[in-house]
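Listed below are the residues making up each chain.
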Amino acid sequence: MNEHNKRLMREIILFAIAFIPLLYVVISYGKLPESIPTHWNTAGDVDGWTPKGMLYLLMMSVPVFFNILLLFVPKLDAGRAEAIMKSSIYYLIRATLVGVLDIVLAVSTYAALGHDIPMSTIISLVMGIMFLMVAYYLPRIPYNYFVGFRNPWTLYSKEIWKKTHSFAGTAFFLVGVYMLLSKQIFTKENVISQSMWIICMLLCCFAPIFYSMYLYQKEVNGGKKKQKKK
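Calculation criteria
- Residues numbered from 1 in each chain as written.
- Predicted model: local features only at pLDDT ≥ 70, side-chain atom pairs only at ≥ 80, totals over all residues.
- Heavy atoms only, no water.
- Helix = DSSP H or I, 4+ residues; strand = E, 2+ residues; numbered from the N terminus.
- Areas by Shrake-Rupley, 256 points an atom, 1.4 Å probe, with all protein chains shown as cover.
- Patch = residues over 30% accessible without salt bridge, like charges linked within 9 Å, V, L, I, M, F, W, Y side chains within 5 Å.
- Salt bridge = Lys/Arg side-chain N within 4 Å of Asp/Glu carboxyl O.
- Buried < 20%, exposed > 50% of the residue type's maximum accessible area, 1.4 Å probe, protein only.
- Phe/Tyr/Trp six-rings, centres within 6.5 Å; stacked < 30°, edge-to-face > 60°.
- Lys NZ or Arg CZ within 6 Å of the ring centre and 35° of its normal.
- Expected span 1.5 Å × (residues − 1).
- Bend = angle between axes of the 7 residues up to and from the residue.
- Core = buried A, V, L, I, M, F, W, Y, C linked by side-chain atoms within 4.5 Å.
- Contact = heavy atoms within 4.5 Å.
- Arc of directions from axis to C-beta.
- Axes fitted to C-alpha atoms, helices over the stretch in contact; angles between N-to-C directions.
- Parallel < 35°, antiparallel > 145°, perpendicular 65-115°, else oblique.
- Left-handed = near helix turned anticlockwise from the far one by under 90°.
- Nonpolar A, V, L, I, M, F, W, Y, C, P; charged D, E, K, R; others polar.

Describing the overall build of the chain
Phase 1 of the analysis: Summing up its helical and strand segments, the chain has nine helices and two strands in all.
Phase 2 of the analysis: Listing the helices and strands of the chain from first to last along the sequence gives α-α-β-β-α-α-α-α-α-α-α.
Phase 3 of the analysis: Per element, the accessible surface of the chain, about 13600 Å² overall, is 68% carbon and sulfur.

Below, the structure is given as structure tokens:
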């Protein structure tokens, strides 16, 4: 099997996975109640409902639409996106995101059928696994303009890009481990446990950005010192 056929087969498999929630809903549609739980608070209690109908069917199609979007967006700038489009890492990132959406939407339908779901535990486990997978991907993402921490400092040089994403990978790994263990650390939801989730999100979002700024200043100042010595 040549490379083109391999890529085509991978895309077919990923789209098949993306269709799972919609297929599950179509099969069980007649058994579903008129209102479907679609949002849970941090304690795992349902606090959001969606009427059964076209809106819910559209929600179940989100993984398909999301996968199509991720497939074609990089092609808006084919020249600079070539490296990431050919990378297996980008495919794995798409597969991870589609898989997470599949799980959340399938669990929502499963709960609507009357099954008792420990949603807060499931969310912690799914988020923990997702963060660990992202932690694995980040240091391996090639220099590009579409995926990763893309800002003026990381795009300044490939060295800053590499170091920033290695640092981000460590941050995501630590947060992922915490999320997997959070239900053992905090058996009941409280202000501290909720604050820890916020801190984790802020750490992953902003720590790599500030680190890239530091690396940029270090590299620029180092270059100026070398010029002065000459």
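Examining a nonpolar patch on the surface
Phase 1 of the analysis: Judged by side-chain polarity, Leu-8, Met-9, Ile-12, Ile-13, Ile-17 and Ile-20 come together as a nonpolar surface patch covering roughly 510 Å² of accessible area.
Phase 2 of the analysis: Mapped onto the elements of the fold, Ile-13 is located in helix H1 (residues 3-18).
Phase 3 of the analysis: The exposure class of Ile-13 is partly exposed, given its relative accessible area of 43%.

Concerning the packing of aromatic side chains
Phase 1 of the analysis: On inspection of all chains with the given rule, the structure shows seven aromatic pairs.
Phase 2 of the analysis: Summarising the aromatic geometry, the rings of Tyr-136 and Tyr-137 are spaced 5.9 Å apart at their centres and angled 65° between planes, so their arrangement reads as edge-to-face.
Phase 3 of the analysis: When its relative accessible area of 44% is taken as the criterion, Tyr-136 is described as partly exposed.
Phase 4 of the analysis: Three or more aromatic residues joined by ring pairs form one cluster here, namely Phe-131, Phe-149 and Phe-172.
Phase 5 of the analysis: A cation over an aromatic ring shows up here: Arg-10 above the ring of Tyr-91, its NZ or CZ 4.6 Å from the ring centre.

Observations concerning the pattern of salt bridges
Phase 1 of the analysis: A full pass over the atoms with the stated rule returns two salt bridges.
Phase 2 of the analysis: The salt bridge partner of Arg-94 is Glu-11, with a shortest N-O separation of 2.7 Å. Residue Arg-94 is located in helix H6 (residues 88-112), and its partner Glu-11 is located in helix H1; the two are separated by 83 residues in the primary sequence.
Phase 3 of the analysis: In this structure Glu-11 comes out as buried when scored by relative accessible area, which is 18%.
Phase 4 of the analysis: For Glu-159, the salt bridge goes to Lys-163, with nearest N and O atoms at 3.8 Å. Separated by four residues within a single helix, Glu-159 and Lys-163 lie in helix H8 (residues 158-185), roughly one turn from each other.
Phase 5 of the analysis: By relative accessible area, Lys-163 is classed as partly exposed at 39%.

Examining H8
Phase 1 of the analysis: In a regular helix each residue adds 1.5 Å, so 28 residues correspond to 40 Å; H8 covers 39 Å between its end C-alpha atoms and thus fits that length.
Phase 2 of the analysis: Of all the bends in H8, the greatest measures close to 35° and is centred on Met-179.

Some details on the nonpolar core
Phase 1 of the analysis: Counting 24 residues, the largest nonpolar core has Ile-93, Phe-131, Leu-138, Ile-141, Phe-172, Val-175 and Met-179 as its most contacted members.
Phase 2 of the analysis: Contributing elements (two or more residues each) for this core: H6, helix H7 (119-137), H8 and helix H9 (191-229).
Phase 3 of the analysis: Once residues within four sequence positions are removed from consideration, Met-179 is found in contact with Ser-124, Met-127, Gly-128, Phe-131, Trp-197 and Met-201.

Observations regarding the environment of Tyr-214
Phase 1 of the analysis: Along the chain, the position of Tyr-214 falls in helix H9.
Phase 2 of the analysis: On the accessibility criterion, Tyr-214 (48% relative accessible area) is partly exposed.
Phase 3 of the analysis: Along the primary structure Tyr-214 and Trp-153 are separated by 61 residues, whereas in three dimensions their C-alpha atoms are 8.9 Å apart.

Describing the environment of Lys-31
Phase 1 of the analysis: The residue Lys-31 is located in the loop between helix H2 (20-28) and strand S1 (35-40) in this model.
Phase 2 of the analysis: Using a relative accessible area of 71% as the deciding quantity, one classes Lys-31 as exposed.
Phase 3 of the analysis: Once the C-alpha coordinates of Lys-31 and Gly-114 are considered, the two residues, 83 residues apart in sequence, prove to be 9.9 Å apart.

With respect to helix H4 (residues 62-72)
Phase 1 of the analysis: Of the positions making up H4, those classed as buried are Pro-63, Val-64, Asn-67, Leu-70 and Leu-71. Looking down the long axis of H4, one finds its buried residues gathered within 130° of arc, a one-sided arrangement.

As for the side chain of Asn-67
Phase 1 of the analysis: Structurally, Asn-67 is set in helix H4.
Phase 2 of the analysis: With residues up to four places along the chain from it excluded, the contact list for Asn-67 reads Leu-14, Phe-15, Arg-94 and Val-98.

Some details on the packing of H1 against H4
How two helices pack is summed up by the angle between their axes together with the distance between the axes.
Phase 1 of the analysis: In contact at an axis separation of 8 Å, H1 and H4 are set at 150° when each is read in the N-to-C sense. Taken together, H1 and H4 sit at an angle that is classed as roughly antiparallel. Seen from above, H1 lies across H4 with right-handed handedness. Contacts between H1 and H4 involve Glu-11, Leu-14, Phe-15 and Ala-18 from the former and Pro-63, Val-64, Asn-67, Ile-68 and Leu-71 from the latter.
Phase 2 of the analysis: Of the residues assigned to the contact of H1 with H4, the class counts are seven nonpolar, one polar and one charged.

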